[in-house]
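# Coordinates in review
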Amino acid sequence: MFDLSQAAPRAAKLTALGIGVALLATACGGSSTPSQTGSGSSSAASAGISCPAPSAGAGAGNSQAATNTGPVPPSTTTTSTPLKLGSLLPTTGSLAFLGPPEIAGVNLGIKEVNDAGGVLGAPVSVIHRDSGDTKTDIATQSTTALLGQGVSAIIGAASSGVSKTVINQITGAGVIQFSPANTSPDFTTWDDKGLYWRTAPSDVLQGKVLGNYMATCGAQTVGMIVLNDAYGTGLQKNVKEAFEAAGGKVVAEELFNEGDSQFSSQVDKVLAAKPDAIALITFDQAKSIVPLITGKGIKPTQLFMVDGNTSDYSKDFQPGTLKGAQGTIPGTFAKDAFKQKLLAIDPALKDYSYAGESYDAVNLIALAAEAAKSTKGTDIAAKLKEVSEGGEKCTSFAACVTLLREGKDIDYDGQSGPVTFSDAGDPTEAYIGIYEYQDNNTYKPVREEFGKL
């Protein structure tokens, strides 16, 4: 748990983060732990912000379940229709920085599935298409193309707003939509015919974690600058509820729309409320917003970011611009061994956000197809929950498919952490990583929080 003695008195109103979230102090497996001293700490203190010190420890997901040490037994059922997947991930638009790690995660998953002999005796293929963002119609065009090529499942989109534009088109065709990064709570109750799934947890969890964390850091007032779409306003609502339940007060909430390029009005209104902390719930608009905020004397230690903008800004800002700022990203920290596999797929990777969730999406679809003995989307969907819970734990396609072919029930836990689906296709438990920016405007992990939904 957090050491509440380091936080302001109001933060003491927190009780186990109010949602049964256990804080697991970790460092990225094998990586250096951010320093507990330096200019960031003094700046935080002078701003009334004093977050719990980074703690070393074993990262989530380090423990190993069943592993495959021998040849994978052949499938007793073969298919004349090999499993074909599509991806609908951003290579353009405001979330384009998420595209490379997600695509690398998909490609690594496909490689490992095929290295183990494929699904139902046949290799799996993938067709990649750009999702763009909500300013364009790229996603609809890409989805039409993917459906026309007979895919059984589409992995994507990253943006909740984009997914809303194509979910009915995909699921209405009897095809699985499996997002590695959608966090809008709206999808939990969507009429998707049981065909929408995701490995990223709803922002009910990320919002509660971030709201509680800002209070734990001693903030008593918060201002928010928020993207006005399904992702932004959904996360805003949950952050606000958690922060105010912890005894804090949200003193300013300023919205902007996708496609806006001027943010001075929103920044000025938030700063006029003199909040202790500022939450930026944006996509890459943070590149324009952060300089406006820090240019007016706000310390980076007062900034709290989210998965939509916690990115590598080493080429965008002067050194030190973000030093001490923090951000949250759903999922457990990417471990060094997994990073090395991803870099073998894409040596240019700088970010690893949602790579694990994308990799897990491939494995879960492939395993569900094996369990269903079918590559039809509706048949695969009917087995996704089953392969995520209740059986013998395994953490790779080779290990899991070996157990399946031996007639055993499996419980897949992946690179994104434990994966156990609800009937609605949501993860019922997940990690939220907390990251801190360094002097070079790149971020390193400091904590993980585990929660159940």
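Now for a quick tour of the structure. These numbers come from a predicted model, not from an experiment. (Residues numbered from 1 in each chain as written. Predicted model: local features only at pLDDT ≥ 70, side-chain atom pairs only at ≥ 80, totals over all residues. Heavy atoms only, no water.)

This paragraph deals with the sheet that holds strand S14 (residues 417-418). Pairing between sheet strands relies on hydrogen bonds along the backbone, with the strands arranged either parallel or antiparallel. If you trace the three strands from one edge of the open sheet to the other, you get S12-S13-S14, paired in mixed fashion. The outermost strands of the open sheet, each flanked by one partner alone, are strand S12 (392-394) and S14. (Pairing = 2+ DSSP bridges. Helix = DSSP H or I, 4+ residues; strand = E, 2+ residues; numbered from the N terminus.)

A separate point is the packing of helix H10 (residues 355-372) against helix H12 (residues 397-405). Two numbers describe how H10 lies on H12: the axes approach to 10 Å, and their chain directions differ by 15°. Between H10 and H12, the angle is such that the two are roughly parallel. Crossing of H10 against H12: the hand is right-handed. Residues Asn363, Ala366, Leu367, Glu370 and Ala371 of H10 touch H12, and the partners they reach there are Phe397, Cys400, Val401, Leu404 and Arg405. In the contact of H10 with H12, the residues fall into seven nonpolar, one polar and two charged. (Axes fitted to C-alpha atoms, helices over the stretch in contact; angles between N-to-C directions. Parallel < 35°, antiparallel > 145°, perpendicular 65-115°, else oblique. Left-handed = near helix turned anticlockwise from the far one by under 90°. Contact = heavy atoms within 4.5 Å. Nonpolar A, V, L, I, M, F, W, Y, C, P; charged D, E, K, R; others polar.)

Extensive coverage of strand S7 (residues 221-227) is indicated by the burial of seven of its seven residues. Taking every second residue as pointing to the same face, both faces of S7 are buried, with Thr221, Gly223, Ile225 and Leu227 on one and Val222, Met224 and Val226 on the other. With seven bridges joining them, S7 and strand S8 (residues 249-256) adopt parallel strand pairing. Along S8, the bridge assignment pairs valine 226 with leucine 255. For the segment spanning S7, helix H6 (residues 230-245) and S8, crossover handedness is right-handed. (Buried < 20%, exposed > 50% of the residue type's maximum accessible area, 1.4 Å probe, protein only. Right-handed = clockwise from strand over helix to strand, strands pointing away.)

A complete count under the given rule lists 17 salt bridges for this structure. A salt bridge links arginine 198 to aspartate 426; its shortest N-O distance comes to 2.8 Å. Of this pair, arginine 198 sits in strand S6 (residues 196-198) while aspartate 426 sits in the loop between S14 and strand S15 (429-437); the two residues are 228 residues apart in sequence, bridging distant segments of the chain. Both residues of the pair, arginine 198 and aspartate 426, belong to the buried class. Two residues, lysine 296 and aspartate 268, come together in a salt bridge whose shortest N-O distance is 3.6 Å. With lysine 296 in the loop between helix H8 (286-294) and strand S10 (303-305) and aspartate 268 in helix H7 (residues 264-272), this pair connects stretches of sequence that are 28 residues apart. (Salt bridge = Lys/Arg side-chain N within 4 Å of Asp/Glu carboxyl O.)

This paragraph deals with the packing of helix H2 (residues 99-115) against H10. Between H2 and H10, the shortest axis-to-axis distance is 7 Å and the interhelical angle comes to 35°. Crossing of H2 against H10: the hand is right-handed. Across the interface between the two elements, Pro101, Glu102, Gly105, Val106, Leu108, Gly109, Ile110, Glu112 and Val113 of H2 pack against Ala355, Ser358, Tyr359, Val362, Asn363 and Ala366 of H10. Across the contact of H2 with H10, the residue classes tally to nine nonpolar, four polar and two charged.

Here the focus is H7. Every buried residue of H7 is listed here: Gln266, Val267, Val270 and Leu271. The buried side chains of H7 occupy one side of the element, clustering within an arc of 125° when seen end-on. Positioned one or two residues after H7, lysine 274 has a phi angle of 50°, which is positive. (Arc of directions from axis to C-beta.)

Function cannot be inferred from these measures alone, as they are strictly geometric.
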